There are 4 protein chains.
Amino acid sequence: MFSIDLNCDMGESLGAWRMGNDAALMDYVSSINVACGFHAGDASVIRKTVETAIEKDVAIGAHPGFPDLQGFGRREIKMSAEEVFDIVLYQVSAVKGICQAFGGKLHHVKPHGALYNQAAKDASFAAAIAKAVKSIDDNLIFYGLSNSLLISEAEKIGLQTASEVFADRTYQADGSLTPRNEQNALIKDLEKAAAQVLQMVLEQKVTAANDETVSLKAETVCIHGDGEHALEFAKIINAKLKKCDIQIKSVS
Amino acid sequence: MFSIDLNCDMGESLGAWRMGNDAALMDYVSSINVACGFHAGDASVIRKTVETAIEKDVAIGAHPGFPDLQGFGRREIKMSAEEVFDIVLYQVSAVKGICQAFGGKLHHVKPHGALYNQAAKDASFAAAIAKAVKSIDDNLIFYGLSNSLLISEAEKIGLQTASEVFADRTYQADGSLTPRNEQNALIKDLEKAAAQVLQMVLEQKVTAANDETVSLKAETVCIHGDGEHALEFAKIINAKLKKCDIQIKSVS
Amino acid sequence: MFSIDLNCDMGESLGAWRMGNDAALMDYVSSINVACGFHAGDASVIRKTVETAIEKDVAIGAHPGFPDLQGFGRREIKMSAEEVFDIVLYQVSAVKGICQAFGGKLHHVKPHGALYNQAAKDASFAAAIAKAVKSIDDNLIFYGLSNSLLISEAEKIGLQTASEVFADRTYQADGSLTPRNEQNALIKDLEKAAAQVLQMVLEQKVTAANDETVSLKAETVCIHGDGEHALEFAKIINAKLKKCDIQIKSVS
Amino acid sequence: MFSIDLNCDMGESLGAWRMGNDAALMDYVSSINVACGFHAGDASVIRKTVETAIEKDVAIGAHPGFPDLQGFGRREIKMSAEEVFDIVLYQVSAVKGICQAFGGKLHHVKPHGALYNQAAKDASFAAAIAKAVKSIDDNLIFYGLSNSLLISEAEKIGLQTASEVFADRTYQADGSLTPRNEQNALIKDLEKAAAQVLQMVLEQKVTAANDETVSLKAETVCIHGDGEHALEFAKIINAKLKKCDIQIKSVS
């Protein structure tokens, strides 16, 4: 029987600013990535998100990012690998402690935004993040872009990884994501996105933008939580997967 | 045989801004309180401070404060008790995780600045901080102002406490500290400060500003680390205590 | 003929976080108060808000607050009067410069949230804010709570003031606002709120919560921009005022 | 008669953290660049720095940087040109307003750290900064690295510029600065640095690291204010220039 993890970024509100529909979305995903306060989230938002996740029994991950609230962690910052290690260690430790304080358990770590993208193609960044995660708990699962340095660097030091694929992004013939600034980067049609998810989960393949078929490891699918149709989209993906007898459960 | 804990606030640098002489001071105290990034410190400063403390074998505490870099956590902020719980939980978790990542162990928690002062006289604040600490690890020792609500609220929920006294502050007849804005609040004469420390440790008493003698529980003595003569002062206090056969060791 | 100013807080988005429906609301008010980046807003949000306001020809005010993004400037911070002067001078200067860069003109200053509330009852705070405003441009109009120290301290140093009243808040018999934590603090019925506005504008009186009638200077009415029905509310108030031949225009 | 401007970065303290010896250094330079609160400085530090500069009659410049306190504005951030425009407009406006409030006048703008370095080689960044400066006041003088895009982009839109050279940095044969990570990047010998300054001022040439002589426009010399020997260095340079009958005065 097939199974797949559906993950979603959460805890991205900040003080009076609301973002996402976290509690509702938790009913349709198996794992969540909680913003740690550097690019989004704050101590109260994190605590509430963790409490809800424990109640709803979804796997909790930390989602560390660059210290950049205005840029939402989406702007590259040229840090040293040591600084990257330090900010990941700090952020993941904070969220891990909050999980444990409420009887939960931190399950995984997935870097956010520009940190994720920079590390996917920079071995020293990927290694620094992986090392920070391992230093906290070597049972943490490392979520990273499928086929990227994030995965290979984490495996190199013995961390369990989960190869991430995207429901609503198109792929290139070399297996990389189509850059966001290209016109066909996003899949806006829900049916098409759902079909791509099924293809990736069932065949471990994806049809690239140029119609070639590319092999791809798919262990967890990222569902975006901040769009207008995020909840609807999560429901549809969830239903399609179940209809195909694919179990939705966190990576173990 | 008598013993006492000497504690000092550390890790108060921020990026390019240096504060304190941490490594040198660690040779003369038995426990340190590490700023957690909200009022001072950053992820890299905390990590380095923790590494040095493990090397020098001093007991490591977390020193959470208000989110106020410009004010160094010394300006009161009217938060709800729930917000106080959340920011303490976050900060202490971060520092605890960093300690563990380097093979160390978090030993205690001492609130900083305005958070310390507000909680010393506000039961809901004191209770919120104590609850956050207990939720992380009920073996953590809670450092607070001797005779204050910090101590009584922490004891109420079963935390071990350490009653803190100050080497360079004068006391009032009711056992409270002379407010900083009064002229005789600070003891600038090192010999006088050292004599006050000996009196507090050996007799559990202090001679107040009006010459009355006041009873006072003294389990840990705060040494300030950021003044011009901080290192010299720590050396003198340390030497005087040892000369009187008082062992300097962290609370256990 | 009667006239009144309708003002609304704006520019309260931050990076990826949206708040308020600024452009639409500008069609129904005569003046706006732009968050300056300390409690809300950022350099890009301010610039866009100012550009839209110039296009829509509403009077632009600066809306300085405490440096507290997480608390949205709604938590009291115990600063010195000198620090208050400094943060107001900095914030208002920034927004004034942005206005001028786009051919606009800063019209007024209204303190935000906890800074407004603290200064309304603390003469040293009110004086510090007024002094900062005057030091920038003594033609700036100072918006403050009707009957409060904000108004009297600003007048004392020769600033023109605009006494502010609230459409959706109830009043006490002494002319003060019912504290937000009391049950009847907010007027949720749009018709009632509109009626209160008319009473305040036409009679310079308000019926307090205990049914007594209180005198009150009403030169500008605050319309909240961040509620669910904010736009609808602004439209109704605007329409009712016009129906009574009350002109809606900024204070001059 | 020859004349030259000596400029120094100032106002880089933050709350309780002190940096530099601003007041003393002002006696030896003709213009200062005031940090604007994004990478260093805060509203109170800026106001005090401006007050001292007015008293000491040195030309005041704004020194805008990336929003990155921990990195002191020295880490590249990938912003859009529009975001760069916005943060420069905001910061320069704030400092300009503070100058005027105390009867002073903003004289120039010099970008800081990574913003300076990125813009020196990226035309869109340089143009965005120059455009922001011009939109505030087209009489502001634009300080930038000699021979770089900072200067050419500012001149393109009609701003007066001042070509900056460095006293304590070595140059390459192409006129660029030796990158900081190379061994001979810094000139630590005060006499050598002073000699280089004289050569640049008197001959508009510099001897590069490979002993070739390079032409170079030198209108303002940057003196670093944060090193251990900063004050001594400023005194020596100042004295040597005067001895050669070179007048030290701000660009006009």
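Residues numbered from 1 in each chain as written. Chains lettered and ligands numbered in written order. Predicted model: local features only at pLDDT ≥ 70, side-chain atom pairs only at ≥ 80, totals over all residues. Heavy atoms only, no water.

**Concerning helix H6 (residues 149–156) of chain B**
All names here are of chain B. Among all positions of H6, only Leu-150, Ile-151, Glu-153 and Ala-154 are buried. Where the residues of H6 are buried, they touch helix H4 (113–120), helix H5 (123–136), strand S5 (141–145) and strand S6 (161–166). Measuring from the side-chain oxygen of the N-cap residue of H6 to the backbone nitrogen of Leu-150 gives 3.1 Å; that N-cap residue is Ser-148. (Buried < 20%, exposed > 50% of the residue type's maximum accessible area, 1.4 Å probe, protein only. Helix = DSSP H or I, 4+ residues; strand = E, 2+ residues; numbered from the N terminus. Contact = heavy atoms within 4.5 Å. Polar contact = N/O pair within 3.5 Å; in protein donor to acceptor, adjacent residues only side chain to side chain.)

**Here we look at the environment of Thr-49 of chain C**
All names here are of chain C. Topologically, Thr-49 is positioned in helix H2 (residues 43–56). For Thr-49 and Ser-13, which are 36 residues apart along the polypeptide, the C-alpha to C-alpha distance reads 9.9 Å. Setting aside residues up to four positions removed in sequence, Thr-49 forms contacts with Met-10, Gly-11, Asp-22, Met-26, Ile-32 and Val-34.

**Notes on the interface of chain B and chain C**
In this complex, chain B contributes seven residues to the contact, which on the side of chain C involves seven residues. Looking at the side of chain B facing chain C, the largest losses of area belong to Arg-75, Glu-76 and Lys-78 of chain B, adding up to 57% of the total buried there. Applying the counting rule to chain B against chain C returns four salt bridges. For the salt bridge of Glu-76 of chain B with Lys-78 of chain C, the shortest nitrogen-to-oxygen distance reads 3.9 Å. Counting across the interface, chain B meets chain C through four residue pairs in polar contact (both at pLDDT 80 or more). In terms of residue class, the side of chain B that touches chain C is made up of three nonpolar, no polar and four charged. (Buried area = accessible area lost by both parts, 1.4 Å probe. Salt bridge = Lys/Arg side-chain N within 4 Å of Asp/Glu carboxyl O. Nonpolar A, V, L, I, M, F, W, Y, C, P; charged D, E, K, R; others polar.)

**Thoughts on the interface of chain A and chain B**
Each side of the interface is counted separately: chain A has 21 residues, and chain B has 21 residues. Across the chain A to chain B interface the summed buried area is about 1,700 Å²; carbon plus sulfur atoms make up 61%. For the chain A face of the interface with chain B, the top three residues by lost area are Ala-43, Asp-86 and Tyr-90 of chain A, together amounting to 33%. Where chain A touches chain B, the interface holds four salt bridges. Across the pair Arg-47 of chain B and Asp-86 of chain A runs a salt bridge, and its minimum N-O distance is 2.7 Å. Across the chain A-chain B interface, the total number found is eight residue pairs in polar contact (both at pLDDT 80 or more). At the level of secondary structure, the elements contributing two or more residues to the side of chain A that touches chain B comprise helix H2 (43–56) and helix H3 (81–101) of chain A. In terms of residue count, the dominant contributor to the side of chain A that touches chain B is H3 of chain A (twelve residues). Within the side of chain A that touches chain B, the residues separate by chemical class into twelve nonpolar, five polar and four charged.

**Notes on the packing of H4 of chain B against H5 of chain B**
Residue and element names in this part refer to chain B. Across the interface, H4 lies against H5 with an axial gap of 6 Å and an inter-helix angle of 120 degrees. Judged on the interaxial angle alone, H5 and H4 are oblique. Facing Leu-115, Gln-118 and Ala-119 of H4, the residues of H5 in contact are Phe-125, Ala-126 and Ile-129. Here the residues of the contact of H4 with H5 are counted per class, giving five nonpolar, one polar and no charged. (Axes fitted to C-alpha atoms, helices over the stretch in contact; angles between N-to-C directions. Parallel < 35°, antiparallel > 145°, perpendicular 65-115°, else oblique.)

**Some thoughts on the packing of aromatic side chains**
One pass over the full model with this rule turns up 18 aromatic pairs over all chains. Centroid distance Tyr-116 of chain B to Phe-166 of chain B: 6.4 Å. Interplanar angle 85 degrees. Geometry classified as edge-to-face. Residue Tyr-116 of chain B is located in helix H4, and its partner Phe-166 of chain B is located in strand S6; the two are separated by 50 residues in the primary sequence. A residue is classified by how much of its surface remains accessible, and Tyr-116 of chain B, at 4% relative accessible area, is buried. Taking NZ or CZ as reference, Lys-131 of chain C lies 5.1 Å from the ring centre of Phe-85 of chain C, over its face. (Phe/Tyr/Trp six-rings, centres within 6.5 Å; stacked < 30°, edge-to-face > 60°. Lys NZ or Arg CZ within 6 Å of the ring centre and 35° of its normal.)

**Concerning the relation of the copies chain B and chain C**
Expressed as a screw operation, the relation of chain B to chain C combines 0.1 Å of axial shift with a rotation of 180 degrees, fitting to an RMSD of 0.0 Å. Look at the turn and shift together and you get a two-fold axis relating the two. Across chain B, the rotation axis passes nearest the C-alpha of Ile-77 of chain B, at a separation of 2.2 Å. Both copies contact each other with a shared surface, as 100% of the interface residues of chain B are interface residues in chain C too. (Least-squares fit on C-alpha atoms with pLDDT ≥ 70 in both.)

Purely geometric numbers; function is a separate question.
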